[in-house]
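Spelled out, the chains give:
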Amino acid sequence: MNISGLNSPTAAYAAAASARGTTARGSAPAGQLTPDQQAQLDQLKARDREVRQHEQAHLSAAAGLAVSGASFAYQKGPDGVNYAVGGEVRIDTSPGRTPEETLQRAQTIRAAALAPADPSGQDRAVAAKAASMAQEARSEIAAEQQAAPDDARAARVARHYAGETRSSSGFSAYA
């Protein structure tokens, strides 16, 4: 971006560096990169875009489970600029308070891990752990649902023997 009319030391330094034919960071002269340096620069720029899109996909799908924004590892290019070459998004992978909440969290974690167009090996490992977490939660939910009819029957029997067999209309529930 070129903003004219700024009268700051940084703007003055950049203008002086430009007049000398170098970049503001003191690297190779502007527009005078070797073909190898230009190829490296093009690769770094492409990798930077790819890494940032990858981490943004994780963040977008994390639905509130992201612990922080994306953090990046950088490499300095031949033009003196740092380019992202790796990154990560930290996601809370702890279980929920209930099996239902755990299932929902596991589904969100899995979706966030697999959100990028080309998930990494680490992304796939996190997705596999989330799938396992979801299966455990489903098993707990199923066990609770199977136990529920027995618990309800036991509660009716307990109320019967405690003398609580009358409904609100005054009729006996057990005739």
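Here, every reference points to the structure presented above.
The structure displayed is predicted, hence computed values, not measured ones.

## Some details on the nonpolar core
Nonpolar side chains tend to gather and get buried jointly when the protein is soluble and globular.
Line of reasoning, step 1. Listed in full, the 9 residues of the largest apolar core are L65, L103, A106, I109, A130, M133, A134, A137 and I141.
Line of reasoning, step 2. Looking at this core, the element that brings in the most residues is helix α4 (residues 121-161), giving 5 residues.
Line of reasoning, step 3. Residues contacting A106, with those up to four places away along its chain left out, are A130, M133 and A134.

## Structural notes on a negative patch on the surface
Line of reasoning, step 1. Judged by side-chain charge, E100, E136, E140 and E144 come together as a negatively charged surface patch.
Line of reasoning, step 2. The element best represented in the negative patch is α4, accounting for 3 residues.
Line of reasoning, step 3. Examined against the element boundaries, E144 turns out to sit in helix α4.
Line of reasoning, step 4. E144 sits in the partly exposed class, given a relative accessible area of 42%.

## Quick notes on the side chain of R105
Line of reasoning, step 1. Assignment of secondary structure puts R105 in helix α3 (residues 99-113).
Line of reasoning, step 2. Residue classification places R105 among the buried residues on the basis of a relative accessible area of 14%.
Line of reasoning, step 3. Setting aside residues up to four positions removed in sequence, R105 forms contacts with L65, D92, S94, P95 and G96.

## Let's talk about the side chain of D48
Line of reasoning, step 1. Summarising the element assignment, D48 is placed in helix α2 (residues 35-61).
Line of reasoning, step 2. Note on D48: relative accessible area 13%, which makes it buried.
Line of reasoning, step 3. Those residues in contact with D48 that lie beyond four places of it in its chain are Y83 and A84.

## A word on unusual backbone geometry
Line of reasoning, step 1. In the Ramachandran plot, A63 falls in the positive-phi region, its phi being about 45° despite a non-glycine side chain.
Line of reasoning, step 2. Summarising the element assignment, A63 is placed in the loop between α2 and β1 (71-76).

## Concerning the layout of surface pockets
Line of reasoning, step 1. If you add up the space inside the largest pocket, you get close to 580 Å³.
Line of reasoning, step 2. Taken together, 26 residues make up the lining of the largest pocket; nearest its centre are H54, E55, H58, G87 and D123.
Line of reasoning, step 3. Residue assignment for the lining of the largest pocket shows that the elements contributing at least two residues are α2, β2 (82-88), α3 and α4.
Line of reasoning, step 4. In terms of residue class, the lining of the largest pocket is made up of 10 nonpolar, 8 polar and 8 charged.

Cut-offs and rules
Residues numbered from 1 in each chain as written. Predicted model: local features only at pLDDT ≥ 70, side-chain atom pairs only at ≥ 80, totals over all residues. Heavy atoms only, no water. Core = buried A, V, L, I, M, F, W, Y, C linked by side-chain atoms within 4.5 Å. Buried < 20%, exposed > 50% of the residue type's maximum accessible area, 1.4 Å probe, protein only. Helix = DSSP H or I, 4+ residues; strand = E, 2+ residues; numbered from the N terminus. Contact = heavy atoms within 4.5 Å. Patch = residues over 30% accessible without salt bridge, like charges linked within 9 Å, V, L, I, M, F, W, Y side chains within 5 Å. Areas by Shrake-Rupley, 256 points an atom, 1.4 Å probe, with all protein chains shown as cover. Salt bridge = Lys/Arg side-chain N within 4 Å of Asp/Glu carboxyl O. Lys, Arg positive; Asp, Glu negative; His and termini not counted. Charge placed at Lys NZ, Arg CZ, Asp CG, Glu CD. 1 Å grid on protein atoms, 1.4 Å probe; cavity = no way out; pocket = protein on both sides within 12 Å on 5 of 7 lines; lining within 4 Å. Points joined across faces, edges and corners; volume = space filled by probe spheres on them. Nonpolar A, V, L, I, M, F, W, Y, C, P; charged D, E, K, R; others polar.

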